[in-house]
Amino acid sequence: MDIRIGFGVDVHQLVPDRKLFIGGKEIESDLGALGHSDADVLLHAICDAMLGALNLRDIGFHFSDTDEKYKGIDSKILLKDTYSLIKNKGYIISNIDCTVIAEKPKLNPYIPDMQQIIASILECDTDQISIKATTHEKVDSFGERKALKAYAVCLLKK
């Protein structure tokens, strides 16, 4: 069986007066992620992991942050379009494992919804989408709520 693994990471600054989207889900928060799109740090990391597995460059290559057509775009659309690239190469998702680093808000109550949203887009079961959340223990820009980060690893199979 032909399998490929990819790794993705994304970081977004947190600012007031923006909505916070993580894993395709709007999260109640006094701060939101700053970005050209909706700045969904988790979906962006997953896109990069999938693209990296097949040596298709990165999310910025396919969906430039200087292109007005992506301004404010829902990152679920980017994930869907990325998955189309993967399927066109003859691959499907084996599994995805992710970690989101955010001091606040607590993400555990949202994780089942995130898994459902992502699995639906990627045409797989929710048990193939692992999402974990952790803090940075109030250390550095992540711990001080100035930014959030997500890591993702994706295993694809032919």
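Quick notes on the rules
- Residues numbered from 1 in each chain as written.
- Predicted model: local features only at pLDDT ≥ 70, side-chain atom pairs only at ≥ 80, totals over all residues.
- Heavy atoms only, no water.
- Pairing = 2+ DSSP bridges.
- Helix = DSSP H or I, 4+ residues; strand = E, 2+ residues; numbered from the N terminus.
- Axes fitted to C-alpha atoms, helices over the stretch in contact; angles between N-to-C directions.
- Parallel < 35°, antiparallel > 145°, perpendicular 65-115°, else oblique.
- Contact = heavy atoms within 4.5 Å.
- Nonpolar A, V, L, I, M, F, W, Y, C, P; charged D, E, K, R; others polar.
- Polar contact = N/O pair within 3.5 Å; in protein donor to acceptor, adjacent residues only side chain to side chain.
- Core = buried A, V, L, I, M, F, W, Y, C linked by side-chain atoms within 4.5 Å.
- Buried < 20%, exposed > 50% of the residue type's maximum accessible area, 1.4 Å probe, protein only.

A. Local environment of the pairing of strand S7 (residues 147–157). Of the pairings in the sheet, the one linking strand S1 (residues 3–15) to S7 comprises 11 bridges and is antiparallel in character. If you follow Ile3 over to S7, its bridge partner there is Lys157. For strand S5 (residues 92–101) and S7, the ladder comprises 9 bridges, and the chain directions are antiparallel. The residue bridging Asn95 from the neighbouring strand is Leu155, located in S7.

B. Quick peek at the packing of helix H1 (residues 41–53) against helix H3 (residues 75–88). Where H1 contacts H3, the two axes come as close as 9 Å, and the packing angle between them is 10 degrees. In terms of axis orientation, H1 runs roughly parallel to H3. Residues Leu43, His44, Ile46, Cys47, Met50 and Leu51 of H1 lie in contact with H3, whose contacting residues are Ser75, Lys76, Leu78, Leu79, Thr82, Tyr83, Leu85 and Ile86. Across the contact of H1 with H3, the residue classes break down as 10 nonpolar, 3 polar and 1 charged.

C. Summary view of the environment of Arg18. Within the secondary structure, Arg18 is located in the loop between S1 and strand S2 (20–22). Ignoring any residue separated from it by four or fewer positions in sequence, one finds Arg18 in contact with Leu31, Gly32, Ala33, Leu34, Gly35, Ser37, Asp38 and Ala39. At 3.4 Å, the side chain of Arg18 and the backbone oxygen of Gly35 are in polar contact.

D. Broad picture of the nonpolar core. By size, the foremost hydrophobic cluster in this structure holds 49 residues, and its most contacted members are Leu42, Ile46 and Leu122. Among the elements of the structure, S2, H1, H3, S5, helix H4 (111–121), strand S6 (129–134) and S7 are those that each provide at least two residues to this core. With 10 residues, H1 is the largest single contributor of residues to this core. The contacts of Leu42, once residues within four sequence positions are left out, are Ile22, Gly23, Cys98, Val100, Met114, Ile118, Ile131 and Ala150.

E. Looking closely at unusual backbone geometry. Pro105 follows Lys104 through a cis peptide bond whose omega is 0 degrees. The residue Pro105 is located in the loop between S5 and H4 in this model. Despite not being glycine, Asp17 shows a phi value in the positive range, around 65 degrees. Positive phi, close to 65 degrees, is recorded for Asp140, a residue that is not glycine. Among the secondary structure elements, Asp140 is positioned in helix H5 (residues 140–143). By relative accessible area, Asp140 is classed as partly exposed at 33%.

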